[in-house]
Amino acid sequence: MARISPSPRLGLLNRKRKDTLFAILLLLPTVYVLCKVFIYPIYQSAVWSLFKYNLTEPGDVRFIGWGNYLELLKNHDFWVSIDRTFYFTILSVAAELVLGFFSALLLNQSFKGRTFFRGSIIVPWALLTLVNGLMWNWIYQPGNGALSQLLHRAHLLAPDQNPVWLGNSDSIMNFVILADVWKTTPFMTLLLLAGMQHIPGSLYEAAAMDGAGFWKKLKHVTIPQLMPSVIVAVVLRLINAIRVYDILTVFTGDPTTSVSYLTFNNAFRYFYLGRSSAMAWLTTLFIILLIVVYMILLRRNSDTD
Amino acid sequence: MSNTTLRRGIGRRLFRAKPTELIPPFYLWIGLALLCVFTLAPFANLVLSSLMEKQELLSGHLFPKKFTLINYRQLFGGPGALDFVSAIRNSVVVAAVTTAFTILIGVFASYALARIKFRFRSTALFAILAMQLLPTISIVVPLYMMMRDGVTVGIPFTDIVWFRTPPLLNTVWALIVSYITFSLPFAVWMMTGYFKNVPKEMEEAAFVDGSGRFRTMFTIVFPLAMPGIAATSIFTFLTAWDEFMFASSFTQTYASKTLPIAVSEFVGKHSLDWGLMTAAGFIASLPPVLISLFLYRYIVGGLTAGGVKG
């Protein structure tokens, strides 16, 4: 060795300090940008949520404490939108889970043309969210839309019947769910498929030796083995389904169909910045709760690996 | 072999699954057929509708009697053509600049988070993941005010400002700045995962040869993680291409409208032209669909790496 540092311990310490300095340097641009465009805005909206702050009345901005939040708890529209958001979230994620699970089962087998089938399911996922909404809106058109046409041709709908599918906000939710399930099931399928590929075929072989058929193999091998992936995929989907907004704007002008929609309308139609910030913060807090659950699950999964 | 045993043999093969698998071939193919119809029929309806004339669409045909490109011709040559083309240009510019900026600064942060041990590292990672999963609605209102007043560069949480941009509403810059709010946390989270997978030994060998951290970062870690960086870029591009809430709140003019906004306006208050809408929707979706099909491996790898928004 050409040079010996005074004490090896000190050299290590020096290197550690240099590393930390280097890390700070590398992180600085990202941290600055995120502080600027994320942390500061979200802090600002927390502050505004405690103010009466309407852009249309710039002279009357004042601190009202929890006033916006208390008003929301008494607001009928807000509760309706919460109801519908949960209805949408739970039903669409449940349907995606069931469909995604069975699709993944199919695509996990070996058969001719598997690449084609695996590739084709990515098409809905890749479609623009807005285009997906418009496409289904076109399918649901009374009279000349594909849904009415198919039902008429299959004689499931009498020729003189011509229902308006998107008639009221409650039935709209069901049609929105179908459209959303179509688009996001592939995401679920691909996540579950990745989990299934880790299940060794020998487990099925052993089950088959014990005389297990399809349902028994499913119950005793697939489901227990797949549980960690299922839970992670479901929580991730819940976090994303609960923010539903884009697709609703295509189907209806009624903002009470989701909390995000109502928040958006309060902000950009009426310019109630204080109240919409309070609504946004309630959503944010709820999603942070889900994120914490997600983090715990991720950590547990990586521990068992 | 008699006829009955042969038939029984075929029956057994059709209705019994291989021991290492679950589903017998007969049910497998029924399932695959259903899956294929469910996935492709709505999309086929979109494509076929875009190839029909108005009269056919209004009379409710599912298959065109006569294929026509009139909707596409009108889209690129009709009265609204300039607006549509400018929407394509805006989408490309916004998605490309967002991706370039995100990767350029995110790649360094990811290296630090994946490779250097320092205090608060896991807290930082948690914050990144949380920011990535939080919805747009959490920050859209303050960002709107920021775009209205112009973005300042200074020290956050203080009044120190070095310079201030002009108001950004109705410019592509408003979208680029706001898209960074979700693309940067996402890209950092994803690339950190990829960088962690680069074997440590390679880097340590370079350290022994006297190469410093800065050099090994460029010569060893980045090249080895290139597929991951590419996958992250693709995802960033696709999410920016798809974004709607920021675009609809920050842009009112064709100077900055992106494709999702332009397409939605074909079926708005002023017109109800399903032929044009389906054609425009098909054109707008073509890049993400083609990218996903050709780069299928990257997309699936990225999706399963975790944290991608559904």
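Residues numbered from 1 in each chain as written. Chains lettered and ligands numbered in written order. Predicted model: local features only at pLDDT ≥ 70, side-chain atom pairs only at ≥ 80, totals over all residues. Heavy atoms only, no water.

## Considerations on the overall build of chain B
Here's step 1: Scanning chain B from terminus to terminus reveals 15 helices and two strands.
Here's step 2: Against the 2.2 N^0.38 benchmark of 19 Å for 310 residues, chain B shows a C-alpha radius of gyration of 26 Å, more extended than a compact globule.
Here's step 3: In terms of overall dimensions, chain B has C-alpha extents of about 85 × 60 × 30 Å along its principal axes.
Here's step 4: Per-residue burial for chain B yields a buried fraction of 55% across its 310 residues.
Here's step 5: Within chain B, counting contacts between residues at least 6 apart in sequence, those at least 24 apart form 65% of the total.
Here's step 6: For chain B, the computed accessible surface area is about 14500 Å², with 68% contributed by carbon and sulfur atoms.
Here's step 7: Separation of charge centres in chain B, based on 25 positive and 14 negative side chains, amounts to 11 Å. (Helix = DSSP H or I, 4+ residues; strand = E, 2+ residues; numbered from the N terminus. Rg over C-alpha atoms; globule rule 2.2 N^0.38 Å. Buried < 20%, exposed > 50% of the residue type's maximum accessible area, 1.4 Å probe, protein only. Contact = heavy atoms within 4.5 Å. Areas by Shrake-Rupley, 256 points an atom, 1.4 Å probe, with all protein chains shown as cover. Lys, Arg positive; Asp, Glu negative; His and termini not counted. Charge placed at Lys NZ, Arg CZ, Asp CG, Glu CD.)

## Some remarks on the pattern of salt bridges
Here's step 1: Considering all chains together, one arrives at 15 salt bridges over all chains under this definition.
Here's step 2: Arg213(B) serves as the salt-bridge partner of Asp19(A), at 2.9 Å between the closest nitrogen and oxygen. Residue Asp19(A) is located in helix H1 (residues 8-48), and its partner Arg213(B) is located in helix H10 (residues 213-224); the two belong to separate chains.
Here's step 3: A salt bridge links Arg84(A) to Asp170(A); its shortest N-O distance comes to 3.1 Å. (Salt bridge = Lys/Arg side-chain N within 4 Å of Asp/Glu carboxyl O.)

## Describing the interface of chain A and chain B
Here's step 1: With 104 residues of chain A in contact, the opposing surface of chain B contributes 105 residues.
Here's step 2: For chain A, the biggest contributors to the area lost against chain B are Phe38(A), Leu128(A) and Trp138(A); these three give 8% of the whole.
Here's step 3: Across the contact surface, chain A and chain B share one salt bridge.
Here's step 4: Inspection of the region where chain A meets chain B yields 19 residue pairs in polar contact (both at pLDDT 80 or more). (Buried area = accessible area lost by both parts, 1.4 Å probe. Polar contact = N/O pair within 3.5 Å; in protein donor to acceptor, adjacent residues only side chain to side chain.)

## Comments concerning the domain arrangement of chain B
Residue and element names in this part refer to chain B.
Here's step 1: Each domain of chain B was delimited in the assignment, giving domain 1 (3-71) and domain 2 (79-304).
Here's step 2: Centre-to-centre separation of domain 1 and domain 2, based on C-alpha positions: 36 Å.
Here's step 3: If you look at the interface, domain 1 gives eight residues, while domain 2 gives seven residues.
Here's step 4: Together, the buried faces of domain 1 and domain 2 total about 680 Å²; carbon and sulfur atoms form 79% of this surface.
Here's step 5: At the boundary of domain 1 with domain 2, the tally comes to one salt bridge.
Here's step 6: Note that Asp 273 is salt-bridged to Lys 54, the shortest N-O span being 3.3 Å. (Domains from an automatic or database assignment.)

## Regarding helix H8 (residues 169-196) of chain A
All names here are of chain A.
Here's step 1: Taking 1.5 Å of rise per residue, 28 residues should cover 40 Å, and H8 covers 38 Å from first to last C-alpha, within 8% of that figure.
Here's step 2: Here H8 lies mainly inside the structure; 24 of its 28 residues are buried.
Here's step 3: A distance of 2.9 Å separates the backbone nitrogen of Asp 170 from a side-chain oxygen at the start of H8, and that oxygen is part of Asn 168. (Expected span 1.5 Å × (residues − 1).)

## A word on the domain arrangement of chain A
Here's step 1: Per the domain assignment, the segments making up chain A are domain 1 (8-40) and domain 2 (75-304).
Here's step 2: Of note, the centres of domain 1 of chain A and domain 2 of chain A, computed from C-alpha atoms alone, are 40 Å apart.

## With respect to the environment of Leu51(B)
All names here are of chain B.
Here's step 1: Within the secondary structure, Leu 51 is located in the loop between helix H2 (25-50) and helix H3 (54-58).
Here's step 2: Here the alpha-carbon distance between Leu 51 and Tyr 296, two residues 245 residues apart in the chain, equals 28 Å.
Here's step 3: Look past the residues within four positions of Leu 51 in its chain and what remains in contact with it is Pro 64, Lys 66, Phe 67, Thr 68, Leu 69, Asn 71 and Tyr 72.

## Let's talk about the confidence of the model for chain A
Residues and elements named next belong to chain A.
Here's step 1: On average, residues of chain A score 90 in pLDDT, and 95% of them reach the 70 mark or higher.
Here's step 2: Considering each helix and strand of chain A separately, the mean pLDDT is smallest for H1, with a value of 87, and largest for helix H3 (residues 76-108), with 96.
Here's step 3: Note on residues 1-5: pLDDT under 50 across the span, and zero contacts to partners over four residues away in sequence or across chains. (pLDDT = per-residue confidence, 0-100.)

## Thoughts on the pairing of strand E2 (residues 161-164) of chain B
All names here are of chain B.
Here's step 1: By the bridge criterion, three bridges tie strand E1 (residues 152-154) to E2 in an arrangement that is antiparallel. Looking at E2, one finds that Val 153 is bridged to Phe 163.
Here's step 2: Joining the antiparallel neighbours E1 and E2 is a turn of six residues, in which Phe 157 adopts a positive phi near 70°. (Pairing = 2+ DSSP bridges.)

## Observations regarding the side chain of Asp246(A)
Here's step 1: Residue position: Asp246(A) is located in helix H11 (residues 246-251).
Here's step 2: Despite its burial, Asp246(A) pairs with no opposite charge; the closest candidate is Arg243(A), at 8.1 Å N-O.
Here's step 3: Ignoring sequence-local partners within four residues, the contact set of Asp246(A) consists of Thr129(A), Leu130(A) and Phe244(B).

## Re the environment of Thr136(B)
Here's step 1: One can find Thr136(B) in the loop between helix H6 (121-133) and helix H7 (140-149).
Here's step 2: On the accessibility criterion, Thr136(B) (17% relative accessible area) is buried.
Here's step 3: Setting aside residues up to four positions removed in sequence, Thr136(B) forms contacts with Arg243(A), Glu243(B), Met245(B) and Phe246(B).

## A few points about unusual backbone geometry
Among all residues except glycine, the phi angle is most often negative; among peptide bonds, the trans geometry is most common.
Here's step 1: The residue His155(A) is not glycine, and still its phi comes out positive at about 60°.
Here's step 2: Take His155(A): it is sitting in the loop between helix H7 (146-153) and H8.
Here's step 3: The exposure class of His155(A) is exposed, given its relative accessible area of 70%.
Here's step 4: With phi around 65°, Phe120(B) is a residue other than glycine that occupies positive phi space.
Here's step 5: Among the residues examined, Phe120(B) registers a relative accessible area of 58% and is labelled exposed.

## Structural notes on the packing of H2(B) against helix H14 (residues 274-294) of chain B
Residues and elements named next belong to chain B.
Here's step 1: In the contact formed by H2 and H14, the axes pass within 8 Å of each other and the chain directions differ by 120°. Judged by the angle between their axes, H2 and H14 are oblique. Like other packed secondary-structure pairs, H2 and H14 cross with a definite hand, here left-handed. On H14, the residues that touch Phe 43, Leu 46, Val 47, Ser 49 and Ser 50 of H2 are Gly 275, Thr 278, Ala 279 and Phe 282.
Here's step 2: Broken down by class, the residue content of the contact of H2 with H14 amounts to five nonpolar, four polar and no charged. (Axes fitted to C-alpha atoms, helices over the stretch in contact; angles between N-to-C directions. Parallel < 35°, antiparallel > 145°, perpendicular 65-115°, else oblique. Left-handed = near helix turned anticlockwise from the far one by under 90°. Nonpolar A, V, L, I, M, F, W, Y, C, P; charged D, E, K, R; others polar.)

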